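# Topology and contacts: notes
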Amino acid sequence: VYGIAVTRQEAAVRKSLDYSLAGNWPQMLKYGEEARSVFRNLDPWANPIQSYIGKGYEETNRIPEAIRAYEEAHVDNPTKLKGIMNLARVYEKSGMLTEAENTLNKGLWIIPAQRLILKQKSDVYYRMGAFDKAIRTYQEIYAWEQDSAIVQNIRYLRAIMKNHKP
């Protein structure tokens, strides 16, 4: 019974991934939901199927469902940085900025000074209106001075701060 269940689940996972690569989110979600199983989550190296389902919901702009799926994936695999960043991104999209910040801080606890997490955290601070924190967070990125996009973002943030002074 276990072998049959896992084989069916793996076939559904494969179809889900294929549809994901093709950008066919409704079919991806159909097979992703079919692939939900406790067996998939027994492998600590596997991406939880909930992370794929979360992506499908996010891509179809079903953000509350994406949050639930990404939260489930995070419970199953709390140290996966991509999962942390996905969860923070949908929190940010839904306006849950404090939750996004706290989630990204968990990622920085796992890998301090992780470039992509710091960039995403700067974006969250920007959305919060905490422009000074956004700048300081950008400046925590190793060799930020050599990244023209970061330098440009910092200039932009400084201009906003200058224009918003009382």
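Refer to the structure printed above.
Residues numbered from 1 in each chain as written. Predicted model: local features only at pLDDT ≥ 70, side-chain atom pairs only at ≥ 80, totals over all residues. Heavy atoms only, no water.

Of regular secondary structure, the protein possesses nine helices and zero strands. From first element to last, N terminus to C terminus, the protein shows the α and β order α-α-α-α-α-α-α-α-α. Looking at the protein residue by residue over its 166 residues, the buried ones come to 42%. Taking as baseline every contact in the protein between residues at least 6 positions apart, the subset at least 24 positions apart corresponds to 44%. (Helix = DSSP H or I, 4+ residues; strand = E, 2+ residues; numbered from the N terminus. Buried < 20%, exposed > 50% of the residue type's maximum accessible area, 1.4 Å probe, protein only. Contact = heavy atoms within 4.5 Å.)

This next bit is on the packing of helix H2 (residues 25–35) against helix H3 (residues 49–59). Packing of H2 against H3 leaves a shortest axis separation of 9 Å and a crossing angle of 155 degrees. Taken together, H2 and H3 sit at an angle that is classed as roughly antiparallel. The element H2 and its partner H3 pack so that their crossing is left-handed. Between H2 and H3, the residues in contact are Trp25, Met28, Leu29, Gly32, Glu33 and Ala35 and Ile49, Tyr52, Ile53, Lys55, Gly56, Tyr57 and Glu59, respectively. Of the residues in the contact of H2 with H3, the class split is eight nonpolar, two polar and three charged. (Axes fitted to C-alpha atoms, helices over the stretch in contact; angles between N-to-C directions. Parallel < 35°, antiparallel > 145°, perpendicular 65-115°, else oblique. Left-handed = near helix turned anticlockwise from the far one by under 90°. Nonpolar A, V, L, I, M, F, W, Y, C, P; charged D, E, K, R; others polar.)

Right, let's get into the packing of helix H4 (residues 63–76) against helix H5 (residues 81–93). Interaxial distance between H4 and H5 falls to 9 Å at its minimum, and their mutual angle equals 155 degrees. By the angle between their directions, the pair H4 and H5 is classed as roughly antiparallel. In this structure, H4 meets H5 at a crossing whose hand is left-handed. Between H4 and H5, the residues in contact are Ile63, Ala66, Ile67, Tyr70, Glu71 and His74 and Ile84, Asn86, Leu87, Arg89, Val90, Tyr91 and Lys93, respectively. A per-class count over the contact of H4 with H5 returns eight nonpolar, two polar and three charged.

By the secondary structure assignment, Glu101 is in helix H6 (residues 97–110). Among buried Asp, Glu, Lys and Arg side chains, Glu101 stands out as unpaired, with Lys133 the closest opposite charge at 4.5 Å. Excluding residues within four positions of it along the chain, Glu101 makes contact with Lys121, Val124, Tyr125, Met128 and Lys133. (Lys, Arg positive; Asp, Glu negative; His and termini not counted. Salt bridge = Lys/Arg side-chain N within 4 Å of Asp/Glu carboxyl O.)

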